[in-house]
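Analysis of the macromolecular model
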Amino acid sequence: MSDVIETVRAMADRVAGTLGLEVFDVQFRREGRGMVLRVQIDRPGAGATPDESVSVDDCARVSRDLSAVLDVEDMVPAAYTLEVSSPGLDRPLRHAADYGRFTGRRAKLVVREAVDGQMFFKGRLGGIETAEDRGRDVVIIVSDDGRSHRVPVGVITRANLEVEF
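One structure accompanies this document, and this report is about it. For every chain, the first residue of the written sequence is number 1, and numbering continues from 1 along that sequence. Where local features are concerned, this predicted model is filtered to residues with pLDDT of at least 70; where side-chain atom pairs are given and counted, the filter is 80 or more; whole-chain, interface and lining totals use all residues. By convention in this description, side-chain values take in all heavy atoms of the structure and omit both hydrogens and water.

1. Here we look at the packing of helix α1 (residues 2-18) against helix α2 (residues 56-73)
Stated formally: Here an angle of 0 to 180 degrees is reported between the N-to-C directions of two axes, which are lines fitted to C-alpha atoms, with helices fitted over the stretch in contact. Helix and strand labels come from DSSP, where a helix needs a run of H or I of at least four residues and a strand needs a run of E of at least two; each type is numbered from the N terminus. Orientation is classified from the angle alone, with under 35 degrees giving roughly parallel, over 145 giving roughly antiparallel, 65 to 115 giving roughly perpendicular, and any other angle giving oblique. By convention, the crossing between two helices is left-handed when the near helix turns anticlockwise from the far helix through less than a right angle, and right-handed when the turn is clockwise. Contacts are assigned to residue pairs that have any heavy atoms within 4.5 Å of one another. Note on residue classes: Ala, Val, Leu, Ile, Met, Phe, Trp, Tyr, Cys and Pro are nonpolar, Asp, Glu, Lys and Arg are charged, and everything else, Gly too, is polar.
Running from N to C, α1 and α2 point in directions that differ by 135°, and their axes come no closer than 10 Å. It follows that α1 is oblique to α2 by the angle criterion. The interaxial crossing formed by α1 with α2 has right-handed handedness. In this structure, α1 contributes V8, M11, A12, V15 and A16 to the contact, and α2 contributes V62, D65, L66, V69, L70 and E73. Classifying every residue of the contact of α1 with α2 gives nine nonpolar, no polar and two charged.

Rendered as structure tokens:
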């Protein structure tokens, strides 16, 4: 299964790259009555406004082009449904660079060990910096009450942007 995912990721990277996009995630799993090949694409850069995010047309183009490549290469060993989408408005934050990329946006963080006596943080991202004393990245998050917290990236188990209207 992981071979299929890696092969599809390489193909999707090429297709998305020609359109100025990147692959965020690839999943291949049984859902309902059959297998689903899910490819999430993203636009590199700030991604903070609708103009900077992935459009429905982007998803349709990648889906059409990737489907053609997958049909020709015939690398997926089972019948499947291809779904191409964006990571969504409440996208996961997976890499240290994401915290800098989305500075100023609202987010929720869950940690595996308490930081400032808390296991959960909700607020506005203040960026990322390297802690000079330990050489590790820390996320700055400002909670709704105005308190600033420095959360080491290594203790974050789950992080997502919050949808803002």
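The rest of the description comes next.
2. Notes on the environment of V26
Basically, it comes down to this: Throughout, exposure labels follow a simple rule: accessible area from a 1.4 Å probe, protein chains only, divided by the maximum for the residue type, with under 20% read as buried, over 50% as exposed, and the rest as partly exposed.
Turning to its location among the elements, V26 is positioned in strand β1 (residues 22-31). Note on V26: relative accessible area 5%, which makes it buried. When the C-alpha atoms of V26 and L37 are compared, they prove to be 7.3 Å apart, with eleven residues separating the residues in sequence. Not counting residues within four places of it along the chain, the set of residues in contact with V26 comprises I5, V8, R9, L37, R38 and V39.

3. Let's talk about the sheet that holds β1
Rules: Pairing between strands is defined by DSSP: at least two bridges between the two strands are required.
Taking strand neighbours across the sheet as the criterion, the three strands line up as β1-β2-β3 in an open arrangement whose pairing is mixed. Only two strands of the sheet have a single neighbouring strand rather than two, namely β1 and β3 (80-85). Strand-to-strand twist of the sheet, defined as the mean angle between neighbouring strand axes without regard to direction, takes the value 15°. Two strands pair when backbone bridges link them, and strand β2 (residues 34-42) and β3 are joined in this way by six bridges, in the parallel orientation. Each bridged residue has a counterpart across the sheet, and for M35 the counterpart in β3 is Y80. Along the sheet, α1 contacts β1 and β2; its crossing angle with β1, the most-contacted strand, is approximately 140°. Contacts from α2 reach β2 and β3 within the one sheet, and its direction differs from that of β3 by about 145°.

4. Describing the side chain of Q40
Mapped onto the elements, Q40 comes out in strand β2. The exposure class assigned to Q40 is buried, which follows from its relative accessible area of 16%. Not counting the four nearest positions on each side in its chain, Q40 is found in contact with E22, V23, F24, D25, S85, S86 and P87.

5. Observations concerning α1
The periodicity of an α-helix, 3.6 residues per turn, causes residues three or four places apart in sequence to face the same way. To be explicit about the condition: Multiply 1.5 Å by the residue count of a helix minus one, and that product is the helix's expected span. To obtain the arc, one takes the directions from the helix axis to the C-beta atoms.
The end-to-end C-alpha distance of α1, which contains 17 residues, comes to 24 Å, matching closely the 24 Å that a straight helix rising 1.5 Å per residue would cover. Those residues of α1 that sit buried are V4, I5, V8, M11, A12, V15 and A16. Down the axis of α1, the sector holding all buried residues measures 135°, keeping them to one side. For α1, the exposed residues set more than 90 degrees away from the buried face come down to S2, D3 and R14. Looking at the buried side of α1, the elements it contacts are β1, β2 and α2. Immediately beyond the C-terminal end of α1, within one or two residues, lies G20, with a positive phi of roughly 75°.

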